Amino acid sequence: MQQTLLSFAALLVATILSFNQIQASMQSRKQAVRAELEQMALGVAMQTMEVIRARAFDAATVGRSSENRASTSEFTSPPFSTGNHCQVFGGGDLCDDVDDFHEMEPATVEFPLPESNMDFEVQAEVHYVCSDLQRVDKGGCTAPTPRKEVVLKVQDQRSDGRSRLPTPIRYSEVIAYP
């Protein structure tokens, strides 16, 4: 009887240890997948930032040469328009300056994979920033300034509506008018 109980106890301990090892392995794999997704989202954010950075700084600077510089008093005053349909991610080009991307309709950007593509949703915010890189609305200076901060939020999209990343990746840069 004691030998049977001892063998059951040994079997129970072995099962628990095996279960814990499998859980640790699964957790490690989940972390590796999350890290890969974060890297893909970061790549999408950097690619999107290149698209935005290629635009004119402000509507007042569209089509201007470097000799015919605009003054900050000519720049668009906040609040910027929202809900723009920036089609630079796969169609026409409706956004020709940086602040046109402020709270645009979320864009879907594909990340190419060998067997299929992965979709990421991109949202953008644009704000004027002071020389100390604090947002104008947080105090310190008044808008407009020759610097705009672009904040991108990138989240993976699945066909079932769920996301693998618990929170969107945030990527920001300050773009300055020369």
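This section reports on the structure supplied with the text. Nothing here was measured: the structure is a model prediction, and the numbers come from that model.

Reading the values: rules and limits
Residues numbered from 1 in each chain as written. Predicted model: local features only at pLDDT ≥ 70, side-chain atom pairs only at ≥ 80, totals over all residues. Heavy atoms only, no water. Helix = DSSP H or I, 4+ residues; strand = E, 2+ residues; numbered from the N terminus. Expected span 1.5 Å × (residues − 1). Buried < 20%, exposed > 50% of the residue type's maximum accessible area, 1.4 Å probe, protein only. Salt bridge = Lys/Arg side-chain N within 4 Å of Asp/Glu carboxyl O. Disulfide = S-S within 2.5 Å.

1. A short note on helix 1 (residues 2–53)
Stage number 1. In a regular helix each residue adds 1.5 Å, so 52 residues correspond to 76 Å; helix 1 covers 75 Å between its end C-alpha atoms and thus fits that length.
Stage number 2. Those residues of helix 1 not exposed but buried are L37, M40, A41, V44, A45, T48, M49 and I52.

2. Some remarks on the pattern of salt bridges
Stage number 1. Summed over all chains, the structure comprises 10 salt bridges.
Stage number 2. A salt bridge links E50 to R53, with the shortest nitrogen-to-oxygen separation between them at 2.7 Å. Within this pair, E50 and its partner R53 are both found in helix 1, separated by three residues, close to a single helical turn.
Stage number 3. Here R162 makes a salt bridge to D160, at a shortest N to O gap of 3.3 Å.
Stage number 4. On the basis of relative accessible area, D160 is assigned to the partly exposed category, the value being 44%.
Stage number 5. Each of the salt bridges in this network shares a partner with another, and the network as a whole consists of E125, R135, E149 and K153.

3. A short note on the state of the cysteines
Stage number 1. Under the counting rule described, the total for this entry stands at one disulfide.
Stage number 2. One disulfide bridge connects C130 with C141, the sulfur atoms lying 2.0 Å from each other. Between C130 and C141, the disulfide has an S-S torsion of -95° and is therefore left-handed. Of this pair, C130 sits in the loop between strand 2 (117–128) and strand 3 (147–157) while C141 sits in the loop between strand 2 and strand 3; the two residues are 11 residues apart in sequence, bridging distant segments of the chain.
Stage number 3. Taking relative accessible area as the criterion, C141 reaches 26% and is therefore assigned partly exposed.

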